[in-house]
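Each chain, written out:
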Amino acid sequence: MNTGSWIYQPRHKLWLFTFCLFISTPVNAGVNICSVDFNKITSRFVYSKSGKESFVNAQGAISQQVVGLDLIGPLPSTDQRQSYFGAGHRYTIFDIDGVATQTNGHVHTFYLPYFHAQQTERGIMRFAVAPALSASSNIIKTRNNWRSETLQLLGGFRFENSNGWYVGGCADYRFGEFEIYPVFGLRFATMDRWQLEIGFPDSAARYRLHDEFNLQITIGPDGNQWEVADEAFSQRSRFGYQSFLLAFSLDWKPLKRLSVSFGVARHFEQELNLLLINGQRVTLDAEDTNELSASLHWVFGRIRD
């Protein structure tokens, strides 16, 4: 595997999908298709749960759970070109106490991601796009309730030079509402064990303890926006969530097809933008909250030479 590029060029071809099972992993409520590493793109099931913390500017408290499924597989490719296509779902449950919100906090995002990377003389150009449905449960379950506000279009591009620097752009909802923003940074390795990525909006540090053990620290935005409605559909509005997520994990790979991770994460600067039952739009700031995690990654499928 060439860890310095996005294109995975192994000696083997993976003929069947890989499937990763993540239990209590630090999982973003938002969908991030702009920072996907092509060397690690897989299908997966994910779950995470945070602690409950009080609001700073209102009476009440909030916690969240995220359950997700990504089914992504490789398309026909060459040494110069790599593509993936799939489907994904994020089910987020916001448990909000003390505030009469318009929604019960059960929201979904369904998306169809397509990833493509092309080798050029100067480096690698990567593209990603994903149409999505993002709404509360009562809107999602009936197609007649879908509107233009229910739809999202996520996308991004990035060029990576062989020296490790990259630059590009992204359009998504990771900052709590639709934003178009630049993406840039530098990836480099120090000695044999450290790999660093310093950039915007995501940064990471990885340290190889042993052939089977790795430490990882990541930081980046976590957010999304959903169309929500009350039970009688008398009011419809947009519900937004934003935070910054700092995650630390220990990854263990005891077998070729099995890896296990244990970690802890912290959500900073949590903010909710929502409509109350009385029609008043408010912005609620929440205290920082912690999240413990563990993950299990299992690869299914036959690998041929």
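Here is a short report on the structure shown in this document. On a predicted model such as this, the values are computed, not experimentally measured, just so you know.

1. Let's talk about the overall build of the protein
- Within the protein, the regular secondary structure consists of one helix and 20 strands.
- Within the protein, the fraction of its 305 residues that count as buried is 46%.
- Considering only residue pairs separated by 6 or more positions, the protein has 59% of its internal contacts joining residues 24 or more positions apart.
- Element-wise, carbon and sulfur atoms account for 58% of the exposed surface of the protein, whose accessible area totals about 15500 Å².

2. Details of the packing of aromatic side chains
- Evaluated as defined, the whole model comprises 13 aromatic pairs.
- On the numbers, 6.4 Å between centres and 85° between planes, the contact of Tyr-181 with Phe-200 is edge-to-face. Separated by 19 residues along the polypeptide, Tyr-181 in strand β12 (residues 179–190) and Phe-200 in strand β13 (residues 194–200) bring together distant segments of the chain.
- Ring geometry for Phe-213 versus Trp-252: centroids 5.9 Å apart, planes at 5°, classification stacked.

3. Notes on the state of the cysteines
- The final tally for this structure, using the stated rule, is one disulfide.
- Here Cys-34 pairs with Cys-170 through a disulfide, and the sulfurs are 1.9 Å apart. Since a negative S-S torsion denotes a left-handed disulfide, the Cys-34-Cys-170 link at about 75° is right-handed. Of this pair, Cys-34 sits in the loop between β2 (19–21) and β3 (43–49) while Cys-170 sits in strand β11 (residues 165–172), and the two are 136 residues apart along the sequence. We note that Cys-34, like Cys-170, is buried.

4. Description of the pairing of strand β6 (residues 81–97)
- As paired elements, strand β5 (residues 61–74) and β6 share 14 bridges and run antiparallel to each other. Bridging from a neighbouring strand, Asp-70 pairs with Gly-88 of β6.
- What sits between β5 and β6 in their antiparallel hairpin is a turn of six residues.
- As judged from the five bridges shared by β6 and strand β8 (residues 114–119), these two strands associate in the antiparallel manner. The partner of Tyr-84 across the bridge, within β8, is Phe-115.
- Here β6 runs beside strand β7 (residues 106–111); their pairing, made up of six bridges, is antiparallel.

5. Here we look at the side chain of His-267
- Here His-267 lies in strand β17 (residues 258–275).
- For His-267, the side chain forms a polar contact with the side chain of Ser-243, separated by 3.3 Å.
- Excluding residues that lie within four positions of it along the chain, His-267 makes contacts with Ser-50, Gln-64, Asp-222, Tyr-241, Ser-243, Phe-244, Leu-245, Asp-288, Thr-289 and Glu-291.

6. Focus: the pattern of salt bridges
- Here the structure, examined in full by the defined rule, presents 10 salt bridges.
- Note that Arg-147 is salt-bridged to Glu-227, the shortest N-O span being 2.5 Å. Separated by 80 residues along the polypeptide, Arg-147 in the loop between α1 (137–140) and β10 (151–161) and Glu-227 in strand β15 (residues 213–229) bring together distant segments of the chain.
- Overall, the relative accessible area of 36% leaves Arg-147 in the partly exposed class.

7. Quick notes on a nonpolar patch on the surface
- A cluster of nonpolar side chains, Trp-165, Val-167, Phe-184, Leu-186, Phe-188, Ile-198 and Phe-200, forms an exposed patch at the surface whose accessible area comes to about 610 Å².
- Secondary structure elements with two or more residues in the nonpolar patch: β11, β12 and β13.
- In terms of residue count, the dominant contributor to the nonpolar patch is β12 (three residues).
- Given the relative accessible area of 33%, Phe-200 is considered partly exposed.

8. Comments concerning the side chain of Ser-237
- Mapped onto the elements, Ser-237 comes out in strand β16 (residues 236–255).
- The exposure class assigned to Ser-237 is buried, which follows from its relative accessible area of 9%.
- For Ser-237, the residues in contact, after removing those within four places along its chain, are Gln-102, Trp-226, Glu-227, Val-228, Leu-275 and Arg-281.

9. Overview of the environment of Asp-288
- Its place among the elements puts Asp-288 in the loop between β18 (281–286) and β19 (289–298).
- Residue classification places Asp-288 among the partly exposed residues on the basis of a relative accessible area of 24%.
- With sequence-adjacent residues up to four places away left out, Asp-288 is seen in contact with Glu-53, Arg-266, His-267, Phe-268, Glu-269 and Gln-270.
- Engagement of the side chain of Asp-288 in a polar contact is seen with the backbone nitrogen of Glu-269, the distance being 3.3 Å.

10. A few points about unusual backbone geometry
- Cis rather than trans, the peptide bond between Phe-200 and Pro-201 has omega equal to 5°.
- Residue position: Pro-201 is located in the loop between β13 and β14 (203–208).
- Despite not being glycine, Phe-233 shows a phi value in the positive range, around 60°.
- Among the structural elements, Phe-233 can be located in the loop between β15 and β16.

Procedures and definitions
- Residues numbered from 1 in each chain as written.
- Predicted model: local features only at pLDDT ≥ 70, side-chain atom pairs only at ≥ 80, totals over all residues.
- Heavy atoms only, no water.
- Helix = DSSP H or I, 4+ residues; strand = E, 2+ residues; numbered from the N terminus.
- Buried < 20%, exposed > 50% of the residue type's maximum accessible area, 1.4 Å probe, protein only.
- Contact = heavy atoms within 4.5 Å.
- Areas by Shrake-Rupley, 256 points an atom, 1.4 Å probe, with all protein chains shown as cover.
- Phe/Tyr/Trp six-rings, centres within 6.5 Å; stacked < 30°, edge-to-face > 60°.
- Disulfide = S-S within 2.5 Å.
- Pairing = 2+ DSSP bridges.
- Polar contact = N/O pair within 3.5 Å; in protein donor to acceptor, adjacent residues only side chain to side chain.
- Salt bridge = Lys/Arg side-chain N within 4 Å of Asp/Glu carboxyl O.
- Patch = residues over 30% accessible without salt bridge, like charges linked within 9 Å, V, L, I, M, F, W, Y side chains within 5 Å.

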